[in-house]
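Overview (structure and organization)
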Amino acid sequence: KGYKVALASPLISLAKPACNAAEHIRCAELAENEGCSLIVFPELSLTGATCGMLYCQKMLTEESEKALSLYLEKTKKLNIVSILGLPYSHNCDGIFGKAAKIYNAAIIAQGGKILGVSISRDRTDLFSAPPKNEENALLCGQKVLLSDRNVISTDGMNICVNIGNTLDAPDISDTDLSVLMCAPGEYIGLSEKLEKDASLYSLKYRVPHVTVGAGEGESTTDFICSGQRLLALGTEIKRVDKLFSKD
């Protein structure tokens, strides 16, 4: 069975989840109208990926969850499966103590329901590593399972979700699609690197692979994001559009 996949790098309003949710909803509706089965956004797409220490603020994580609730509500009548990113705080009561965790998370959703949560395996100063043992949690009032497993099963589709700089899947032999959600800073040679990594990954596991990078609106003094979006089918690479495109 074939799937039509939309790769979206929406305009980001940094640290304004409600604004970003509205843009996500618009993209999802457009993708649904184009007959897509799946839409994939970059990592931390509901907040932007360059918020720095703001991720450790309760206000931002709470607003992110509210934005996700809004997205779920507004897209519950759509058939499309969505994969979007946000910072998710677990066991946090405003102060990030030893028990508190904040995850760079990807949410897989359809019809207003959260189908699964994938957590980035990249180790950073801001985000926690995924739990080694499965943990139950609540997100937008729905029960979710937190674990280090990054293969999510949807209705008739198994998706391997990778976040950040790491393509890491011990066994995806039964996977229909591999996804990398990222926000890389642009530099000379980045396009070639992403294409090579995607192609090798697709060849190794014999599975289609898509990479979706953050675009306009990310803010940092060190780099800019160009909206890298590509599909790898083995050695064949297809790009969605030109870099820095606003279309």
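No experiment lies behind these values; they were computed from the predicted model shown. (Residues numbered from 1 in each chain as written. Predicted model: local features only at pLDDT ≥ 70, side-chain atom pairs only at ≥ 80, totals over all residues. Heavy atoms only, no water.)

Turning next to the overall build of the protein. Within the protein one finds three helices and 13 strands. Here the C-alpha radius of gyration of the protein, 17 Å, is about what a compact globule of 247 residues would show, namely 18 Å. For the C-alpha atoms alone, the extent of the protein along its principal axes is close to 50 × 40 × 35 Å. Here the protein holds 247 residues, and the buried ones make up 51% of them. Contacts spanning at least 24 positions in sequence make up 63% of the contacts within the protein whose residues lie at least 6 apart. For the protein, the computed accessible surface area is about 12200 Å², with 49% contributed by carbon and sulfur atoms. Positive and negative charge centroids in the protein, built from 26 and 30 side chains respectively, lie 2 Å apart. (Helix = DSSP H or I, 4+ residues; strand = E, 2+ residues; numbered from the N terminus. Rg over C-alpha atoms; globule rule 2.2 N^0.38 Å. Buried < 20%, exposed > 50% of the residue type's maximum accessible area, 1.4 Å probe, protein only. Contact = heavy atoms within 4.5 Å. Areas by Shrake-Rupley, 256 points an atom, 1.4 Å probe, with all protein chains shown as cover. Lys, Arg positive; Asp, Glu negative; His and termini not counted. Charge placed at Lys NZ, Arg CZ, Asp CG, Glu CD.)

Time to look at the nonpolar core. Core analysis: the biggest nonpolar cluster contains 32 residues, and I39, L68, I107, I114, V117, L139 and L146 have the highest contact counts within it. Elements with a minimum of two residues in this core: α1 (17-33), α2 (58-74), β3 (81-90), β4 (101-110), β5 (113-119), β6 (135-139) and β7 (142-146). With five residues, α1 is the single largest residue contributor to this core. Setting aside chain neighbours within four positions, we find I39 in contact with A6, A8, C27, A28, A31, Y71, I80, V81, S82 and I83. (Core = buried A, V, L, I, M, F, W, Y, C linked by side-chain atoms within 4.5 Å.)

Read across the sheet, five strands follow the order β1-β2-β3-β4-β5 without closing on themselves; strand pairing throughout is mixed. The sheet terminates laterally at β1 (5-7) and β5, the two strands that pair on one side only. Here the strands of the sheet are splayed against their neighbours by 30° on average, with no regard to which way each runs. Pairing of strand β2 (residues 38-40) with β3 involves three bridges; the strand directions are parallel. Bridging from a neighbouring strand, I39 pairs with S82 of β3. Running at roughly 155° to β3, α2 makes contact with β2, β3, β4 and β5 of the sheet. (Pairing = 2+ DSSP bridges. Axes fitted to C-alpha atoms, helices over the stretch in contact; angles between N-to-C directions.)

In a structure, side chains of opposite charge can pair up when their charged atoms sit close to one another. Under the counting rule described, the total for this entry stands at seven salt bridges. A salt bridge links K238 to E236; the shortest N-O distance between them is 3.8 Å. (Salt bridge = Lys/Arg side-chain N within 4 Å of Asp/Glu carboxyl O.)

The alternating pattern of β7 places Q142, V144 and L146 on a buried face and K143 and L145 on a face that is not buried. Bridge analysis of β6 against β7 gives five bridges, and the strand direction is antiparallel. Residue pairing across strands places A137 opposite V144, the latter belonging to β7. The antiparallel pairing of β6 with β7 creates a hairpin that spans two residues between the two strands, and C140 there sits at a positive phi of about 55°.

On to the sheet that holds strand β8 (residues 151-154), then. The mixed open sheet is built from six strands, whose spatial order is β8-β9-β10-β11-β12-β13. Since the sheet does not close on itself, it has two edges, and those belong to β8 and β13 (236-239), each with one partner. Averaged over all pairs of adjacent strands, the angle between their axes in this sheet comes to 20°, without regard to strand direction. Summarising the sheet, strand β10 (residues 177-182) and strand β11 (residues 209-213) pair through five bridges and their orientation is parallel. Bridging from a neighbouring strand, M181 pairs with V212 of β11.

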